[in-house]
Amino acid sequence: MVGFLRRMLPKRFRKERVIVPVVRLSGVISSGGGPLRQSLNLAGVSQALEKAFEIKAAPAVAIVVNSPGGSPVQSRMIYNRIRDLAAEKKKKVLVFVEDVAASGGYMIALAGDEIIADATSIVGSIGVVSGGFGFPELLKKIGVERRVYTAGENKVILDPFKPEKEKDIEYLKSLQLEIHKVFIDMVRERRAGKLTSDETVFSGLFWTGGRGLELGLIDGLGDMRQELRKRFGDKVKLTLVTTPRSLFGRKAPGISLGGMDGLGAGLASGLAEAAEEKALWGRYGL
């Protein structure tokens, strides 16, 4: 009733509260999820981002990032969507780091006009990593013969059931260097005039928020609610914007939660994915 009466008053008599939409981007960045995990990707967050930037009265959009990284492609796509929406809607973007914004998580954080973290947050890890396992002797030991037929001499490059080849490793490294250069260029562009000359910034190391501030990776230390109150007043209203859910409670297309269909068939894969995800978070002590 109070809200209705307030809307009935002429606008000049209303004491409007400043609204700041908040979008949370949390999790390992991947194009798809699995039975035991959900993924952070553009398809899963695009609706929430668009909805947040559509709020005309909002002076800024707050993005909360909590990610240890993952797919560089999805990271760049999310980054680009945020920057495109900011330019189109003429909104300032404030990024707030929770536990970690590392690797692809930091790439997404670069979309902010300002990046604010806690003193104990983890930021950085500007590098590229590929990992896997090798089983060249396993099949022999269990008496299984693997048969692979290809057209193209490099179709089985880095096959985990074959011994590593030096030329395959060199090729993979060349791809990593290309992606790393793209990442470095993004950091230099977005943090121009703020970065220190310390080249370890691009070595893949990661730091606390306090050290990240000294290196120019972030703009300040603080808490989202306190920071927004300082900027927009004590009556600022933070509105969490989420991805719409379907009739059955699942998030609309994009965030894959797997489900019961095919769960048994994909359980081994899901366990491997979960272990990989735990390893990503664990790298930063989380």
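What counts, and where the lines are drawn
Residues numbered from 1 in each chain as written. Predicted model: local features only at pLDDT ≥ 70, side-chain atom pairs only at ≥ 80, totals over all residues. Heavy atoms only, no water. Helix = DSSP H or I, 4+ residues; strand = E, 2+ residues; numbered from the N terminus. Contact = heavy atoms within 4.5 Å. Patch = residues over 30% accessible without salt bridge, like charges linked within 9 Å, V, L, I, M, F, W, Y side chains within 5 Å. Areas by Shrake-Rupley, 256 points an atom, 1.4 Å probe, with all protein chains shown as cover. Salt bridge = Lys/Arg side-chain N within 4 Å of Asp/Glu carboxyl O. Buried < 20%, exposed > 50% of the residue type's maximum accessible area, 1.4 Å probe, protein only. Pairing = 2+ DSSP bridges. Right-handed = clockwise from strand over helix to strand, strands pointing away. Core = buried A, V, L, I, M, F, W, Y, C linked by side-chain atoms within 4.5 Å. Axes fitted to C-alpha atoms, helices over the stretch in contact; angles between N-to-C directions. Parallel < 35°, antiparallel > 145°, perpendicular 65-115°, else oblique. Left-handed = near helix turned anticlockwise from the far one by under 90°. Nonpolar A, V, L, I, M, F, W, Y, C, P; charged D, E, K, R; others polar.

As annotated in an unreviewed UniProt entry, the protein chain carries the name Serine protease SohB and is attributed to Rhizobium miluonense.

What to know about the environment of Val97
Relative to the helices and strands, Val97 is located in strand S3 (residues 92-102). C-alpha separation for the pair Val97 and Ser67, spaced 30 residues apart in sequence, amounts to 8.9 Å. Among residues more than four places away in sequence, those in contact with Val97 are Val65, Ile115, Ile116, Ala117, Asp118, Ser121, Ile122 and Val123.

Quick word on a nonpolar patch on the surface
Taken together, the side chains of Ile157, Leu158, Tyr171 and Leu175 define a hydrophobic patch exposed on the protein surface, amounting to about 320 Å² of accessible area. The class of Leu175 is partly exposed, set by a relative accessible area of 33%.

Brief notes about the pairing of strand S2 (residues 60-67)
Of all eight residues making up S2, eight are buried, and the element is well covered by its neighbours. Of the two faces of S2, both are covered, the one formed by Ala60, Ala62, Val64 and Asn66 as well as the one formed by Val61, Ile63, Val65 and Ser67. Where strand S1 (residues 19-26) lies against S2, five bridges are found, and the strand directions are parallel. Looking across to S2, one finds that Val23 is bridged to Ile63. Taken together, the seven bridges between S2 and S3 define a ladder with parallel strand orientation. By the bridge assignment for S3, Ser67 is matched with Ala101. Each parallel crossover has a hand, and for S2 linked through helix H3 (residues 72-89) to S3 it is right-handed.

A short note on the nonpolar core
Grouped together as the largest cluster of nonpolar side chains are 43 residues, with contacts concentrated most on Leu25, Ile63, Ile82, Tyr106, Ile126 and Leu217. Those elements that place two or more of their residues in this core are S1, helix H2 (42-53), S2, H3, S3, helix H4 (104-109), strand S4 (114-117) and helix H6 (166-190). Per-element tally for this core: the top contributor is H2, with six residues. With residues up to four places along the chain from it excluded, the contact list for Leu217 reads Tyr106, Ile115, Val123, Gly124, Ile126, Arg191, Leu195, Val201, Trp207 and Gly212. Val20, Val22, Ala60 and Ile116 belong to the second largest nonpolar core, which has 10 residues in total.

Things to note about the environment of Ser26
Along the chain, the position of Ser26 falls in strand S1. Look at Ser26 and you get partly exposed, because its relative accessible area is 33%. Along the backbone, Ser26 and Val65 are 39 residues apart, and their C-alpha atoms lie at a distance of 5.9 Å. For Ser26, the contacting residues outside a window of four places in its chain are Leu40 and Asn66.

Some points on the packing of H3 against H6
Each pair of packed helices can be described by the angle between their axes along with the distance between the axes. The interhelical angle for the contact between H3 and H6, taken along N-to-C directions, is 25°, at an axis separation of 12 Å. The angle between the axes of H3 and H6 places the two elements in the roughly parallel class. Where H3 crosses over H6, the two elements pack in a sense that is left-handed. Between H3 and H6, the contacting residues are Pro72, Arg76, Tyr79 and Arg83 on the first element and Ile179, Val182, Met186 and Arg190 on the second. Looking at the contact of H3 with H6 residue by residue, the class counts come to five nonpolar, no polar and three charged.

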